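Residue-level structural notes
One letter stands for each residue in the lines below.
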Amino acid sequence: LPNGLKYLVCNQSGLTNLQNNLPDSLIILDCNINLLSVIPNLPNKLAHFSCGWNQLSSLPPLPSNLKYLDCTGNQNLVSLPPLPNNLKFLECQNCSINSLPQLPDSLFLFHCRNNLIQFLPILPSNLKALGVGNNPINCLPALPLSLGYLDITNTNISCIPNNPLFCFFYFL
C-alpha cells in the first residue's frame, strides 16, 4: 500500500489477511465483512477502525489516537484490549465478550448488545448512549447524568441504580 494512504476501505472484499506494515499515514481503516482472523499492528495515527463481521478472536493493541472502534459481529472475540483514552465510540455487539476493560472518560457511545457480559465497569461521566441488551448482566453501575439512551432489553437486571453507592451496597 502507498506510504501516504489515509483511508483504506476494503469491506466485503473476501480478504483473509491485511499486510503487516499498514501505512503510518492511515487514519481510517474499514475492513468489515471479510474473512480476517488476525489484524496486524495498527498505525499510531489511526482514528477510525471498523473490523466488524470477520473471524477475529482478538484485537491488536489500539493506538492512542483512536476515537472510533467497531468490532461488531466477531463471534470468536471474547475480550477487548485496553481502550485508548480518547475513544468516543465503541461498538462491540454480537461477539462473545465476557469481560470489559476500563472504559475511558471520553466515551460518548457504548453498545455491547448480544455478548456474555455479566458485569459492567464504571461508566464514563459523559456517556450519552448505553446498549447492553441480551447480556447476562444482573446490576448496572451508577448511571451518568449525561445518559440519554439506555437499552437493557433481555438482561437479568433487577436494579437500576440512582446513586453511585447503590450497586456497591447491592453486592455486600
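These numbers come from a predicted model, not from an experiment.

Across the protein chain, the average pLDDT comes to 93, with 94% of residues at 70 or higher. Low confidence marks residues 164-172, where pLDDT is under 50. Its contacts with residues over four positions away, or in another chain, come to 13 contacts.

As enumerated under the stated definition, the model contains 0 disulfides in all. Distance from the sulfur of C112, which forms no disulfide, to the nearest cysteine sulfur (C92) is 5.2 Å.

One non-glycine residue, I33, adopts positive backbone phi at about 55°. Its place among the elements puts I33 in the loop between β2 (28-30) and β3 (48-50). On the accessibility criterion, I33 (41% relative accessible area) is partly exposed. Despite not being glycine, N94 has its phi angle at roughly 60°, a positive value.

For the rest of this paragraph, the subject is the nonpolar core. The biggest cluster of nonpolar side chains holds 42 residues, and the ones touching the most others in it are L29, F49, L90 and F110. Residues within four places of L29 in sequence aside, it is in contact with L8, L18, L22, L42, L46, H48, F49 and S50.

Glancing now at the environment of D30. In this fold, D30 is placed in strand β2. Separated by 131 residues in the primary sequence, D30 and P161 have C-alpha atoms spaced 37 Å apart. Apart from residues no more than four positions distant in its own chain, D30 is found in contact with L8, V9, C10, N11, H48 and S50. Reaching out from D30, the side chain makes a polar contact with the side chain of H48 at a distance of 2.9 Å.

Here we take up the environment of S96. Position of S96 among the secondary structure elements: in the loop between β5 (89-91) and β6 (109-111). When the C-alpha positions of S96 and N74 are compared, they lie 7.8 Å apart, and in sequence the two are 22 residues distant. Beyond its immediate stretch of four places on either side in the chain, S96 contacts N74, Q75, L77, V78, N115 and L116. Among the polar contacts listed, one links the side chain of S96 to the backbone oxygen of Q75, at a separation of 2.5 Å.

We now examine the sheet that holds β5. Spatially, the 8 strands line up as an open sheet ordered β1-β2-β3-β4-β5-β6-β7-β8, and their pairing is parallel. Here the strands that pair on one side only, and so sit at the sheet edges, are β1 (7-9) and β8 (149-151). Neighbour-to-neighbour, the strand axes of this sheet turn through a mean angle of 5°, independent of strand direction. In terms of strand pairing, strand β4 (residues 68-70) meets β5 through 3 bridges, oriented parallel. Counted as the bridge partner of Y68 is F89 from β5.

Applying the stated criterion across every chain yields a total of 1 salt bridge. For the salt bridge of D151 with R113, the shortest nitrogen-to-oxygen distance reads 2.8 Å. Of this pair, D151 sits in strand β8 while R113 sits in the loop between β6 and β7 (129-131), and the two are 38 residues apart along the sequence. Residue R113 is classed as buried on the basis of its relative accessible area, which comes to 14%.

Bringing the packing of aromatic side chains into the picture now. Inspection of every chain in the model, using the stated rule, returns 1 aromatic pair. Seen from their ring centres, Y68 and F89 are 6.3 Å apart, and the 45° between their planes marks the pair as tilted. Here F89 lies in strand β5 and Y68 lies in strand β4, a separation of 21 residues in the sequence. Given a relative accessible area of 35%, F89 falls into the partly exposed group.

Here is what the cut-offs are and how they apply
Residues numbered from 1 in each chain as written. Predicted model: local features only at pLDDT ≥ 70, side-chain atom pairs only at ≥ 80, totals over all residues. Heavy atoms only, no water. pLDDT = per-residue confidence, 0-100. Contact = heavy atoms within 4.5 Å. Disulfide = S-S within 2.5 Å. Helix = DSSP H or I, 4+ residues; strand = E, 2+ residues; numbered from the N terminus. Buried < 20%, exposed > 50% of the residue type's maximum accessible area, 1.4 Å probe, protein only. Core = buried A, V, L, I, M, F, W, Y, C linked by side-chain atoms within 4.5 Å. Polar contact = N/O pair within 3.5 Å; in protein donor to acceptor, adjacent residues only side chain to side chain. Pairing = 2+ DSSP bridges. Axes fitted to C-alpha atoms, helices over the stretch in contact; angles between N-to-C directions. Salt bridge = Lys/Arg side-chain N within 4 Å of Asp/Glu carboxyl O. Phe/Tyr/Trp six-rings, centres within 6.5 Å; stacked < 30°, edge-to-face > 60°.

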